Structure formats: C-alpha cells, structure tokens
Protein chains: 2
Amino acid sequence: MSKMEEIQRICLNRGIIYPTAEIYSIMSGFFDYGPVGTLLKRKLIDYWREFFVKSEDNIFEMDGCTVLPEKVFIASGHLKSFVDPITQCKKCKSIHRADDLIQEKTGMFVEGKPVNELSKIIKEKNVKCPNCGGELSDVRLFNLMLKTEISPVGGKPAYLRPETAQNIFTSFQRLLRVARSRLPFGVAQVGRSFRNEISPRHFVVRVREFNQMEIEMFIDPKHPKCLKFDEVKDKKITVFTREAQKKKKEPITITAEEAIKKKIVPNEWMVYFLVKEFEFYKSLGIPSDALRFRHMLPEETPHYSCGNFDLEIKFDFGWKETVGNAYRTDYDLKKHMKFSKKDLTVLTDDGRKIISHVMEPSFGIERTIAGILLHCFREGKDRGWSWFAFPSKIAPYHFAIFSLVNKDGLLEKAKEIYEILKKEFDVYFDFSGSIGRRYARADEIGTFGALTIDYQTLEDSTITLRERDTMKQIRVKISELSDVLKRFLKGEKLDALGKVI
Amino acid sequence: MSKMEEIQRICLNRGIIYPTAEIYSIMSGFFDYGPVGTLLKRKLIDYWREFFVKSEDNIFEMDGCTVLPEKVFIASGHLKSFVDPITQCKKCKSIHRADDLIQEKTGMFVEGKPVNELSKIIKEKNVKCPNCGGELSDVRLFNLMLKTEISPVGGKPAYLRPETAQNIFTSFQRLLRVARSRLPFGVAQVGRSFRNEISPRHFVVRVREFNQMEIEMFIDPKHPKCLKFDEVKDKKITVFTREAQKKKKEPITITAEEAIKKKIVPNEWMVYFLVKEFEFYKSLGIPSDALRFRHMLPEETPHYSCGNFDLEIKFDFGWKETVGNAYRTDYDLKKHMKFSKKDLTVLTDDGRKIISHVMEPSFGIERTIAGILLHCFREGKDRGWSWFAFPSKIAPYHFAIFSLVNKDGLLEKAKEIYEILKKEFDVYFDFSGSIGRRYARADEIGTFGALTIDYQTLEDSTITLRERDTMKQIRVKISELSDVLKRFLKGEKLDALGKVI
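Since the structure is predicted, the reported quantities are computational estimates derived from the model, not experimental observations.

## Concerning the overall build of chain A
Then, number 1: Looking only at helices and strands, chain A features 19 helices and 26 strands.
Then, number 2: In terms of overall size, chain A behaves like a compact globule, its C-alpha atoms giving a radius of gyration of 26 Å where 501 residues would be expected to give roughly 23 Å.
Then, number 3: The proportion of buried residues among the 501 residues of chain A is 60%.
Then, number 4: Taking all contacts inside chain A whose residues are at least 6 apart in sequence as the whole, residues at least 24 apart take part in 66%.
Then, number 5: Surface accessibility of chain A: about 20,800 Å² in total, with carbon and sulfur atoms responsible for 50%.
Then, number 6: Measuring between centres, the 84 positive side-chain charges of chain A sit 3 Å from its 71 negative side-chain charges.

## Comments concerning the sheet that holds strand β24 (residues 449-453) of chain A
Residue and element names in this part refer to chain A.
Then, number 1: Taken together, the 5 strands give an open sheet; going across it, the order is β23-β22-β24-β25-β26, and neighbouring strands pair in mixed fashion. Sheet topology places β23 (427-430) and β26 (473-477) at the edges, where each strand pairs with a single neighbour. Strand after strand, the sheet turns through a mean of 25° between neighbouring axes, direction not considered.
Then, number 2: One ladder, built from 5 bridges, connects strand β25 (residues 462-467) with β26; its direction is antiparallel. Residue pairing across strands places Thr464 opposite Arg475, the latter belonging to β26.
Then, number 3: Lying on the sheet, helix α16 (residues 435-444) is in contact with β22 (399-403), β23, β24, β25 and β26; it crosses β22 at an angle near 170°.

## Quick notes on the nonpolar core
Then, number 1: With 108 residues, the main nonpolar core has Trp48(B), Phe280(B), Tyr281(B), Leu373(B) and Leu465(B) as its most contacted residues.
Then, number 2: Residues lining this core come from more than one domain, with at least three contributed by each of domain 1 (3-81 + 144-375) and domain 3 (397-497) of chain B.
Then, number 3: If we skip the residues at most four places from it in the chain, Trp48(B) touches Val53(B), Ala188(B), Val190(B), Met213(B), Glu214(B), Ile215(B), Phe280(B) and Phe363(B).
Then, number 4: The next biggest cluster of nonpolar side chains, apart from the first, holds 107 residues, and it includes Val204(A), Ile215(A), Ile463(A) and Leu497(A).

## Points about the packing of helix α1 (residues 3-13) of chain A against helix α14 (residues 365-376) of chain A
All names here are of chain A.
Then, number 1: Direction vectors running N to C along α1 and α14 enclose 105°, while the axes themselves pass 10 Å from each other. Accordingly, the angle class assigned to the pair α1 and α14 is roughly perpendicular. Residues Lys3, Met4, Ile7 and Cys11 of α1 form the contact with α14, whose participating residues are Ala370, Leu373 and Leu374.
Then, number 2: For the contact of α1 with α14, a count of residues per class yields 6 nonpolar, no polar and 1 charged.

## Quick word on helix α14 (residues 365-376) of chain B
Then, number 1: Taking 1.5 Å per residue, 12 residues should reach 16 Å; α14(B) reaches 16 Å between its end C-alpha atoms and fits that length.
Then, number 2: Residues Ile365(B), Glu366(B), Arg367(B), Thr368(B), Ile369(B), Ala370(B), Gly371(B), Ile372(B), Leu373(B), Leu374(B), His375(B) and Cys376(B) constitute the buried set of α14(B).

## Let's talk about the confidence of the model for chain A
Then, number 1: Put simply, chain A has an average pLDDT of 95, and 100% of its residues get 70 or more.
Then, number 2: Both scores are given for the predicted complex: the pTM is 0.97, the ipTM 0.96.

## Some details on the domain arrangement of chain A
Residue and element names in this part refer to chain A.
Then, number 1: Assigned domains of chain A: these are domain 1 (3-81 + 144-375), domain 2 (85-98 + 100-142) and domain 3 (397-497).
Then, number 2: Computed over C-alpha atoms only, the centres of domain 1 and domain 2 are separated by 29 Å.
Then, number 3: At the interface, 7 residues of domain 1 touch 8 residues of domain 2.
Then, number 4: A combined buried area of about 680 Å² lies between domain 1 and domain 2, and 55% of that area is made up of carbon and sulfur atoms.
Then, number 5: Taken together, the links from domain 1 to domain 2 amount to 1 salt bridge.
Then, number 6: Across the pair Asp100 and Arg206 runs a salt bridge, and its minimum N-O distance is 3.6 Å.
Then, number 7: Where domain 1 touches domain 2, the interface holds 0 residue pairs in polar contact (both at pLDDT 80 or more).
Then, number 8: Within the side of domain 1 that touches domain 2, the residues separate by chemical class into 2 nonpolar, 1 polar and 4 charged.

## Things to note about the side chain of Thr348(A)
Then, number 1: With respect to the element layout, Thr348(A) can be found in the loop between β17 (346-347) and β18 (353-354).
Then, number 2: Among residues more than four places away in sequence, those in contact with Thr348(A) are Asp220(A) and Ile354(A).

## Examining the packing of aromatic side chains
Then, number 1: Per the counting criterion, the structure on display carries 64 aromatic pairs over all chains.
Then, number 2: When the ring of Tyr281(A) is compared with that of Phe363(A), the centres are 6.3 Å apart and the planes differ by 10°; the resulting orientation is stacked. Residue Tyr281(A) is found in helix α12 (residues 268-283), and its partner Phe363(A) is found in strand β19 (residues 357-364); the two are separated by 82 residues along the sequence. In this pair, the class of Tyr281(A) matches that of Phe363(A), namely buried.
Then, number 3: The structure contains a cluster of three or more aromatic residues connected by ring pairs, namely Tyr47(A), Trp48(A), Phe51(A), Phe52(A), Phe280(A), Tyr281(A) and Phe363(A).
Then, number 4: It is Arg292(B) that lies over the ring of Trp319(B); its NZ or CZ is 4.1 Å from the centre.
Then, number 5: Here Arg466(B) stacks its cationic end above the ring of Tyr439(B), 4.3 Å away from the centre of that ring.

## Quick notes on the interface of chain B and chain A
Where interface size is quoted, it is often the accessible area lost as the parts come together.
Then, number 1: With 81 residues of chain B at the interface, the matching set in chain A holds 81 residues.
Then, number 2: Contact with chain A buries surface across chain B, with Ile23(B), Tyr24(B) and Arg174(B) losing the most and accounting together for 12% of the total.
Then, number 3: On inspection of chain B and its partner chain A, the count reaches 12 salt bridges.
Then, number 4: Asp430(B) is the salt-bridge partner of Arg180(A), the closest N and O atoms lying 3.1 Å from each other.
Then, number 5: For the interface between chain B and chain A, the tally reads 48 residue pairs in polar contact (both at pLDDT 80 or more).
Then, number 6: It is helix α2 (residues 35-54) of chain B that contributes the most residues to the side of chain B that touches chain A, 6 residues altogether.
Then, number 7: When grouped by side-chain class, the residues that make up the side of chain B that touches chain A number 34 nonpolar, 20 polar and 27 charged.

## Brief notes about the pattern of salt bridges
Then, number 1: In this structure the tally under the stated criterion is 88 salt bridges over all chains.
Then, number 2: Among the ionic pairs, Lys422(B) bridges to Asp57(A), the shortest N-O distance being 2.9 Å. Residue Lys422(B) is found in the loop between α15 (410-421) and β23 (427-430), and its partner Asp57(A) is found in the loop between α2 (35-54) and β3 (59-62); the two belong to separate chains.
Then, number 3: A single network of salt bridges, built from pairs that share partners, joins Asp84(A), Arg97(A), Asp99(A), Asp100(A) and Arg206(A).

Conventions we followed
- Residues numbered from 1 in each chain as written.
- Chains lettered and ligands numbered in written order.
- Predicted model: local features only at pLDDT ≥ 70, side-chain atom pairs only at ≥ 80, totals over all residues.
- Heavy atoms only, no water.
- Helix = DSSP H or I, 4+ residues; strand = E, 2+ residues; numbered from the N terminus.
- Rg over C-alpha atoms; globule rule 2.2 N^0.38 Å.
- Buried < 20%, exposed > 50% of the residue type's maximum accessible area, 1.4 Å probe, protein only.
- Contact = heavy atoms within 4.5 Å.
- Areas by Shrake-Rupley, 256 points an atom, 1.4 Å probe, with all protein chains shown as cover.
- Lys, Arg positive; Asp, Glu negative; His and termini not counted.
- Charge placed at Lys NZ, Arg CZ, Asp CG, Glu CD.
- Pairing = 2+ DSSP bridges.
- Axes fitted to C-alpha atoms, helices over the stretch in contact; angles between N-to-C directions.
- Core = buried A, V, L, I, M, F, W, Y, C linked by side-chain atoms within 4.5 Å.
- Domains from an automatic or database assignment.
- Parallel < 35°, antiparallel > 145°, perpendicular 65-115°, else oblique.
- Nonpolar A, V, L, I, M, F, W, Y, C, P; charged D, E, K, R; others polar.
- Expected span 1.5 Å × (residues − 1).
- pLDDT = per-residue confidence, 0-100.
- Buried area = accessible area lost by both parts, 1.4 Å probe.
- Salt bridge = Lys/Arg side-chain N within 4 Å of Asp/Glu carboxyl O.
- Polar contact = N/O pair within 3.5 Å; in protein donor to acceptor, adjacent residues only side chain to side chain.
- Phe/Tyr/Trp six-rings, centres within 6.5 Å; stacked < 30°, edge-to-face > 60°.
- Lys NZ or Arg CZ within 6 Å of the ring centre and 35° of its normal.

Structure representation (structure tokens):
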C-alpha cells in the first residue's frame, strides 16, 4: 500500500474525508468532510485568513453565490475556453482527456493544441484506450462547467462557478466604494467551486466539487510598488525558472529582492505573495524541499497574463499545482466592462481614469489538505500505529483528556478538568478502551497532546501531559495547566516546560 | 420607504448584501455578501456553533458536498415531493405559485391540495394574473431542485441539495462510528442549499441560493430523555398552539416543563432545542414579542412527523419561518436503508437493533440575518443617520479608530493604537472626512464603539470611547484600554466603565 493509500484508508476509517453519498454508487470526484476533517479544514481556513487577510489593512473578504448567470461566463471567456479535449473509447465507452493520454503514452507535451491535431496524433501514434485497448474517437472539446437552469419555464441557463474570482469582478463597483476608491486594495473570497473533471483522481487532489481561497489584489499598473515589500525582501523562495525547466536543471533558491532585480518575477506584489505562500506552507508542516514555484511556460500561460507562477507541492505521484499566482493585468475588468456596459474604471489620485490591474493568488483547499496529510503523516514503526504530526494551529483537537481508569473518582476528576479546559482549548474526552488504545486513537487524528488523570492526580493535583510526536511526558500542576498548555501550543518544547518522566 | 426598503438601501449602499452579478441583468433570488455582510454572516455562524455545537459534548460537525446524485433524492422523496404548484399567465407568461396566489386572492388556505383542485379553484373563483390580469393556465407541479449533470458523455443526473440534511443521513454509518455507536449523538452542518423558488421576494427572506445551519440529533425512541433538560426546564418559550391558531387566539408563554407536562411539545429533546433557539434569537437583538414557535397544523405536517414547530420571526410583511424544528422519527434512515440496501441500524446498549429516530432543528441563515437587520435597525431621527444596534458578538467590527485631525502627530498615534488593538479586536481605521461623518459611517454598519485620538491624547495618554447606541463618551487611559474594551464588549455599561463626558 502506498503512503497516500494508507492515508486514505485512515481518512475513511476515522471519518475524516470519505466519498459523498457512498452508500449509493460512488460519484467520483466528490468527497464529504467528517467531523475531524471539518475541524482541520476550518482551522486551515481560519489560519489562512489570519495570515493573508487580517494581517493586511487593505484586503477585505466577500462571499458570493456559487450559481452565476451565463452572461458572466460569456464575458469571462469560460463558456468558450474553459474546455478540455476529450476522446471516447469506441469499445468500452470510457472517456479520457486526450492531451493527458497522449502525454502519458508518447511523452509529447500537447496542452493547448487544437482538437484536429490531437486526433491526428492519436491515429498516427496509435494511442489506444488505456482501459481496454480499444480504438479512440476523434477528439472534441468538453466544457468543464456544471450547468443548471433557473426559473421554472423557459429556464435561464446558469453555471456553477469554476472559480470564486468572478464574483469579485462582477462586484467591483461595490467593492471599490468600500475601499473608498483607493488603489491598491484586495478582495478575498473563500468558497466552493465546481469543475466537471474528466478523470478525478489522487484522492482529493483532483475533485469536481472543491474549495478555494482566492485574493484579487487590485493595483495601479503605474504604481506597482508593494508597501510591505521591505518586510519580505530578504526572505527566500524556491523558483523553478523557465530556463531550468527547458534545460532540465534544478530550481533555484533566491531572495525576494533578487527575484525582482533579476526580473525572474514580474513585480513586487507577485513576489510578496510568493514569499508569504512559501512561509505559510512551511508553517503547515510541508518541508521546503517539497515546495517550489514553477514559472509556467509560455504555452501554458494565457495571452493576457504578465506571468503565472504555480506553487507546487511534491506528492508521491509527482509535483502538483496547489496555488496559482497570476498577474491577470486588466483582462477581467475590461471584459466585464465590455459585456456589461458598466463603468468599472478607477479615478486615481493623480487624475487618471484607469482599469485596475489584478494580481491573483488562488489556493486550492483540497490540494492543500492533501499536501498536509501527506507531509505530516508519520508511519509508526516503533509505536505500532501511524499518526499525523499536524502543527498545533491546524490540529483538529489540541488535547485529548483521559482518566487512567474509570473508578475511584478518576473519571469524575477527568471530566471536571475537561469542563474547565474546553472553555479555552479544543479538547475531547475519551474514557473507553486501554490507555494505549486511547493514545493511538488520539495520535491517529493528529491530536496535539494528551492529558491523563491518574491516581497521583488525587494525591498531588498534577496530571501528565504527553507530546504526540515524541511520546515524552511531563507532570503539570493543575493550577498551572492553562498557562503550560498555551506555551506548549505556541511551540515550547516539552523539556522546557517540565521534567520529562 | 418601508423600514425593510430603507435597510435594503443601506445594504446596497455600503456593500453589505447586494444582488449577485448585478452588472448584468439581475437573477432574482441570488445575493452576494460584501465585506461587512461577510463579517456579520461569519460571526453569526461562529456564535451559533459556540451556542449549539461546542457547548454540547455529543454533537459533531460535518461538511458535505452540495452536488448529490439523483439516488439520494429518490430515496429522500425530494424528487417526487419537493414540488410547488405553479400556474402561468397565458398573456404575459409570468409564473406564479398557485397556492400562494389563491390564498392571496381568496383567503382560502390550499397548501398541499392536488393540482386539479387548484386549477378548479382558479377557474371558479376567477383568479387572474396579478401582473396583467390575464387568464391563468392549469396548475402543474414544479420540482424546486436545481438539476445538473456529471461526467461528459451520457451525463449522470445530479442535484444541488435543497437542504444540508441529506449528507448527514448518507454519512450515517461513518458518523455513528465516530460517535462510538452510542446514542444519543448529533451531527451539525453549516452550508449552502439551493431551491428554485418560483417567486423570490422580501430581500434575502426568500432566495434561491441560501445558507443553512442544521443539526440532526439521533436518539433512541425508547430512551428519549434529554440529559440537559434540567438546565432549561424553568425557561419560557412562546408557543402558538394549534388550538390558538384555529380559534384565532394569542400564542401562550410557558416553561419547558409545562410544555412537556401538557403534551404541547412531543418530547424533551424538542423542547430543549426550542428553549435554546428562543434564547439564541433574543441574544441576537430580536425582542421576544417578535418571536414565537408555531405548531404546524396537521395539513402542513409530513405524515411521518411526530410534530413540527417553526420558530417564526415577525417581519413588517408578517411572521416568517426562520427555524424549522421537526421530529422526523426514523423516516429518513429507513428510506435510505431501503434504497441503498445498507445497514443503517444501531445496536443499543441493551441489545436492541433499532433505526435511530431523529430530531432536526434547521436554521435559515439569510432569514436570521434579515430578522437581525430589521430588529436591530434604529432610525436616527435625532442624530441624523440610521444605524444597526448589533450585539457585540455579531457586530462586523468591534471598534472604529479615528484621529481627530490628520496632523500634529495624531494620525501616527491613532495608527499606533490601531496596530495594538487589531491583535485583540476586530477594528478598522478611518481618517477621512469630518469626525461626525466618520461616526455616521461607523454607526451605519453597526460598529459597536468608536475610539478617537485627539490633542488631549498626546497630553494625558487617554482616548475617547464612544458608545454607538447612546452616543455617550468616556475617556480611557491607553494603559487600561484593552481591559476596558473587553468589559465593554461583554456588556458593561459605559457609565460603569468611566465618567461620561
């Protein structure tokens, strides 16, 4: 069993993440978050919000509808261009993404090539159905948006948004007013998006209903200076440059300042976000050698973009885009202005009437969670069970509380401590099974620490605090518990907090 | 302009809540939350979670997909029964809900009557199109679910969920395991649902894409005792009994204990939730005389239900259901067991194999927000502007921070204080326009208090704290600011915190 399969097994087993409506035939690419997964996801979002939104004074958050009218996607270009080339097996009727299949079978990179060319390659290179070896149909384009209809008769076509960004662009006038018409300002949005992926795969890495955290940073192209650039200029990021990709070299590690000076990244705002993303993912427990920014190749970059950098995480099946960073220029607002005939310009302080440029970091929540699950996973050869070494800020539970036995007043004492701690920490109480079994269960869902009430507690009012990752224990006085636990969650080591027993 | 229209005007103007993609032709029943609305909504959800989920030891939260396969809704009965009777004007082509229209025009209550009977009434009572007076078509049933298709060829029908509850039922086996197979336990879910309403109306009261907070409380019908019933037994609720509805009498106010003894409410769990809901809505600033639980009439209650109680809020257009409370018995799990052929039973401690019963409180977030906006709205005849008297726990911002003038170091001092306070409170900084204008802007979005830095601040290190609802002010020492503000948010009156100036 691969690591990711083992992780998936634990996720199913512990009700962390599992297929949606699985009691019926499984609908691939749809997953529900169970109780532990819901806590993990919520904490990730809260932490992201602290890190990327609340820490800035000019980024607001909005929350728009997921169903949008067709006109939005005519303007954005999704109706025409948000398509994948597909081919169907004439024998077994299975559907495949033509470009992926060709790349897999022939090694040719054909993303973005027209359908007749793809059909030709399939014939010439004799590409067959990977399921049954059957002959493949001509390639056609398939729009990835999920369609629906609003209103009962002569229904109006509408689509489930394939990204959260469009709500921000269509709300631009309202948001500009909230920002008192001053650039730069940013708008964040956290929410669901939908893509009718041809081949959902790799657990939650490629799914059809997913969650995004996006920011649209609106800037004046004449004044692209990022005010907080100084805070990040000496920090390092790993960039897989176009040159390195072409020449099959390694990614380079450079400071933010160097990235600007050497014109590797187009502007300060872009580098500012890249640095923050690098710090963010490292703080989630993903090592820096499993993170890189890939400068997308010209053929992968939309014509209007002034540079796209994907934050990629290393998975066991390869590197995968987790955050897309795109300098989208004035493309989106210009298109919406044209199609809506509304004025989406900004009057700058120096009297110019401009269309704002936009820098977009777009985070995939499911891919982030998959990266965290993979890189925080610890195979427990010594202790006999596996666990997730989640950092305290995203650990679904801070502490599990146990009574050594359920008699002689220990259970009551443990419950008393649980009632006190639950006001300040995310805790749960577990009194069933052996103490070893309870530690195993706590570790397996990444609980940051465990507190055990035993006979000594009744004598000297101390309880044991056990560290998940080292299994070391110390005894803590109940009177000092709240303070010690806070320091522990903040990162102080167990030996600094007491005598390891 | 009615109160609700004035509220809607402020919501548009301040970017709180506004129509989705409004730069194109408006799609009725869809609204986006702007920055202030997003904060309000999030705080409401966080508070609800504290109140209904975290305060309980046996209620977990899950987060499932909004797109669900058709089989789920065949089993749940939605595909067949989640329908509204509609009629179309033969002249202007507008669509109307037949039962609502008949009730409006004739006063007859016809909800749930078969379509041929409704068609007959329309003809006999000469009901015409309310828009143009045209003749109306025969009545037909219209399913309110939004439909879509998954996978590219021979797409599988799927639906956007019309309620969050179905994810909980289809996940029952996983959730039961998380709960260690012990009843009672509850599962909460917060998320979006979709209903293709015929006539969206009353701002966000009847919309097509909306947010719900639901709990499914699984209980053993043989042991329906609620362990925490004692905590609520003496608390009072207002119930609009079936008898009072029939005899056109007033609702009654009774204690939880009386409601059980007099068999007004079917069991302890139901009353427990009703009491908590009553407390919750009162704490959101909705007065108790604008809240009541209406016992739904037999003709409004599904056949399987052992009692439905709607929490209704009084709006300017009438009372409207905001929380549905339904004792759904074993209906849902039984249906899903039958259609999925999976074992969804529970083995109880005393060895019975049962299908769990379920008690469901289901909160509408948009209706709750509409109720809060209406009942917290204060028309500012004296001060010259209107404001929202939001309780501190849901106020989008706790404090606005101002400098009296932007010179002589006051701006810098104000920014310094802003930087300190933003670590502990939800604050924003405003330095543009007259101080009166800034108070008006802060009040209008319901900011709980305002802090002003003036010349005196530079002399004695004090700043003014202004109370939104009374406009009273005190001076607070900067060294004591954090402590004073915390007490102020917790509800201490301004005069208890300092000398009113």
